[in-house]
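# Fold and contact review
Chain by chain, the residues run as shown.
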Amino acid sequence: MTRWSAAILIIIVCIGVSCSSVNHLAGEHARSYQITDTTSPAIEGSRLEKVITPYREKLSAEMNEVIGLAASSLEKGTGESTLGNWVADAVLSQAELISHKFFDFAICNSGGLRIPSLPAGPITRGQIFELMPFDNYLVTMKVPGTVIAQLFDHMAESNGWPISEGVSYEIKDQKAQKIMIKNQLLNLDETYEFVLSDYLAEGGSNLDFLKAYPYKNLNIYYRDAIIEFALLKHVASISIDARIEGRIVLMDK
Amino acid sequence: MDRRKFLHQTAATASFAALGGLPMRSLASPKITKLTILHTNDVHSRIDPFPMDGSRNQGLGGVARRSKLIDEIRAQESNLLLLDSGDIFQGTPYFNFFGGELEMKLMSQMGYDASTIGNHDFDGGLDGLVKQLPHATFPFINCNYDFSDTVMSEKAIPCKVFNKSGLRIGVLGVGIALHGLVPLKLYGDTRYLDPVVEANKVASHLRNEEKCDYVICLSHLGYKYENAQVDDIKFARSSKYIDLILGGHTHTFMKEPHFISNNENKPVMINQVGWAGIVLGRIDVMFEKNAKNRCVTCQNQVVR
């Protein structure tokens, strides 16, 4: 464990009259400490632990509940990712269950997944809170194919966002191409209905062009939809799993 | 960059030895005052260390450990500033269930001197932020959010001067554009002002009227963007009178600080320490006090 990951000494040359202040800046030196269990092993019973403990105890029963079993580690990465695929499929499935109808696809913004991975093994409710901490609602939206094309280009600017199964597209020069939805090429004259968060529907992540369209609130948090999906699978002894299957193909990489 | 010479060393102790060990010629030994700045950014409600579950950051971070480390450094350094660059809130159930109360209490216990406001500090709405302020013993510093038509009015300050053993240290803060990033219903009537324009006004005040020896800007703009959006690098380039930018938002783990020439061709140091309290950053700044118009030790320490 590197205790100091960086160290620099800077010497400044002050020349004559240009140093008019009484306290002359004579040098700057930077370093950093990684906080690990070896940094400060003895924290039990410390001043701060005493402040934290009552809060932690209030949370632990609910947050430590195991809601699923991951067959392998799900990772967030550039472009298509196993973690992104799992989340998008989960919310699509829950939206369809709640609405009693099928939707064309579901998305999650790339900044919306807040931890880099879900490890293999038991997954707790608390881990899903960390994956998706925001109190955003799950919503659906109906828009013309032209707006879908705009949305895919927007997602392409940041190497594609998590998207549900049945969708595939290529990203070249930060533009989306060969967009297939439910195994058919995107039709600009069609209308599509998809699943997202109210944050995005209201123009979050610079999606101002979505604000012109109304959305339907499914009155469940995006996070809770993921948790309920996991619980349904868990009861049926189906593990949490996802594969990379060519939903997003980066042509420039 | 012509005014600063950089000497890279691998161990901090070695560099301090080098400082003390340089020949002082025939001049009287000058008075050196050291300021120690400790900083975090984007801690995102990470109270407990990442669990030992095989995930990428397992075992890292944790407020109690960070506090202990800070206490150890405090015991050694008399002039210390502990600063945060925003996004205190959102990331673990501690925020969802307690609204940021615990984060504020713990930062106060650790003796934070100031923080700026990150985009996720709006996640409980302006009311949610105001509600938690009584738990904070430190100020929130920002100069480019106009809160005057909101409940946050006069709850944040544009800058603060800290006196440390005769040093005057100015701290200001800047925040990121909210439109398209934070839902409107959360930031309400907050007006985002150009961070470069506002920060240069405040930094000029700190340097010229408040006679600050050193000016620190807490920034939640983000380290670097490929597009035209203002980031710490562009901000530094257009800045004046700012010595150090402690950044956030982009969760960038910088191996070492980055230096940028400002609009007077003077160097500005930029640093950022990732997220989640995995890393505590430290910057020691040495000042030489004398009655002369020039810095004696500095001239002795020219490294060529």
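Residues numbered from 1 in each chain as written. Chains lettered and ligands numbered in written order. Predicted model: local features only at pLDDT ≥ 70, side-chain atom pairs only at ≥ 80, totals over all residues. Heavy atoms only, no water.

What follows concerns the environment of N163(B). Residue placement: N163(B) occurs in strand 6 (residues 159-164). As a C-alpha pair, N163(B) and C212(B) span 49 residues in sequence and 9.2 Å in three-dimensional space. (Helix = DSSP H or I, 4+ residues; strand = E, 2+ residues; numbered from the N terminus.)

Our next topic: the environment of S204(B). Residues and elements named next belong to chain B. Here S204 lies in helix 7 (residues 195-209). Along the backbone, S204 and S67 are 137 residues apart, and their C-alpha atoms lie at a distance of 34 Å. With sequence-adjacent residues up to four places away left out, S204 is seen in contact with E209 and Y241. (Contact = heavy atoms within 4.5 Å.)

What follows covers the environment of G277(B). All names here are of chain B. Counting through the fold element by element, G277 comes out in the loop between strand 12 (267-271) and strand 13 (279-289). A relative accessible area of 4% places G277 in the buried class. Through-space distance from the C-alpha of G277 to that of R65 is 9.9 Å; in sequence the pair is 212 residues apart. (Buried < 20%, exposed > 50% of the residue type's maximum accessible area, 1.4 Å probe, protein only.)

This paragraph deals with the sheet that holds strand 13 (residues 215-221) of chain A. Residue and element names in this part refer to chain A. In space, the four strands of this open sheet follow the order 5-12-8-13, with mixed pairing throughout. Strands with a single pairing partner mark the edges of an open sheet, and in this sheet they are strand 5 (105-106) and strand 13. As defined by bridge partners, strand 8 (residues 137-144) adjoins strand 12 (residues 191-197) across seven bridges and the pair is classed as antiparallel. Bridge pairing links M141 to F194 in strand 12. (Pairing = 2+ DSSP bridges.)

Within chain A, residue pLDDT values average 90, and 90% of them lie at 70 or more. Note on residues 1-21 of chain A: pLDDT under 50 across the span, and 78 contacts to partners over four residues away in sequence or across chains. (pLDDT = per-residue confidence, 0-100.)

Scanning the entire structure with this criterion turns up 15 aromatic pairs over all chains. Here the aromatic cluster, defined as three or more aromatic residues joined through ring pairs, consists of F105(A), F152(A), Y169(A) and F194(A). A cation over a ring is seen here: K58(A) above Y55(A), with NZ or CZ 5.9 Å from the ring centre. Cation over ring: R46(B) sits above F50(B), and NZ or CZ is 3.9 Å from the ring centre. (Phe/Tyr/Trp six-rings, centres within 6.5 Å; stacked < 30°, edge-to-face > 60°. Lys NZ or Arg CZ within 6 Å of the ring centre and 35° of its normal.)

Turning next to the sheet that holds strand 14 (residues 248-250) of chain A. Residues and elements named next belong to chain A. Read across the open sheet, the four strands follow the order 11-10-9-14; overall the sheet is mixed. Two strands bound the open sheet, and with one partner strand each, they are strand 11 (184-185) and strand 14. Strands in contact with helix 4 (residues 145-156) are strand 9 (167-172) and strand 10 (175-181); relative to strand 10, the strand with the most contacts, it is inclined by about 125°. (Axes fitted to C-alpha atoms, helices over the stretch in contact; angles between N-to-C directions.)

This part takes up helix 2 (residues 63-76) of chain B. End to end, helix 2 of chain B covers 20 Å across 14 residues, agreeing with the expected 20 Å (1.5 Å per residue, within 8%). Burial in helix 2 of chain B covers these residues: V63(B), A64(B), R65(B), R66(B), S67(B), L69(B), I70(B) and I73(B). The inward-facing, buried residues of helix 2 of chain B abut strand 2 (23-34) and helix 1 (47-63) of chain A together with strand 2 (31-40), strand 3 (80-84), helix 4 (101-110) and strand 13 of chain B. (Expected span 1.5 Å × (residues − 1).)

Right, let's get into unusual backbone geometry. Despite not being glycine, Q174(A) shows a phi value in the positive range, around 60°. With respect to the helices and strands, the residue Q174(A) is situated in the loop between strand 9 and strand 10.

The subject of this paragraph is the packing of helix 1 of chain A against helix 2 of chain B. Running from N to C, helix 1 of chain A and helix 2 of chain B cross one another at 160°; their axes reach a closest spacing of 9 Å. With respect to their mutual orientation, helix 1 of chain A and helix 2 of chain B come out roughly antiparallel. Seen along the crossing, helix 1 of chain A lies across helix 2 of chain B with a hand that is right-handed. Residues R47(A), L48(A) and E49(A) of helix 1 of chain A form the contact with helix 2 of chain B, whose participating residues are V63(B), A64(B), S67(B) and D71(B). (Parallel < 35°, antiparallel > 145°, perpendicular 65-115°, else oblique. Left-handed = near helix turned anticlockwise from the far one by under 90°.)

So, about the pairing of strand 3 of chain B. Sheet faces and side chains relate simply in a regular strand, where the side chains alternate between the two faces. Residue and element names in this part refer to chain B. For strand 3, a buried count of five out of five residues is recorded, marking the element as mostly surrounded by other parts of the structure. Side chains of strand 3 alternate between two faces, with L80, L82 and D84 and L81 and L83 buried alike. Summarising the sheet, strand 2 and strand 3 pair through five bridges and their orientation is parallel. What sits directly across from L38, in strand 3, is L82. Between the parallel pair strand 2 and strand 3, the chain is carried across by helix 2, and the sense of this crossover is right-handed. Relative to strand 4 (residues 114-115), strand 3 runs parallel, the two sharing two bridges. Residue pairing across strands places L83 opposite A114, the latter belonging to strand 4. (Right-handed = clockwise from strand over helix to strand, strands pointing away.)

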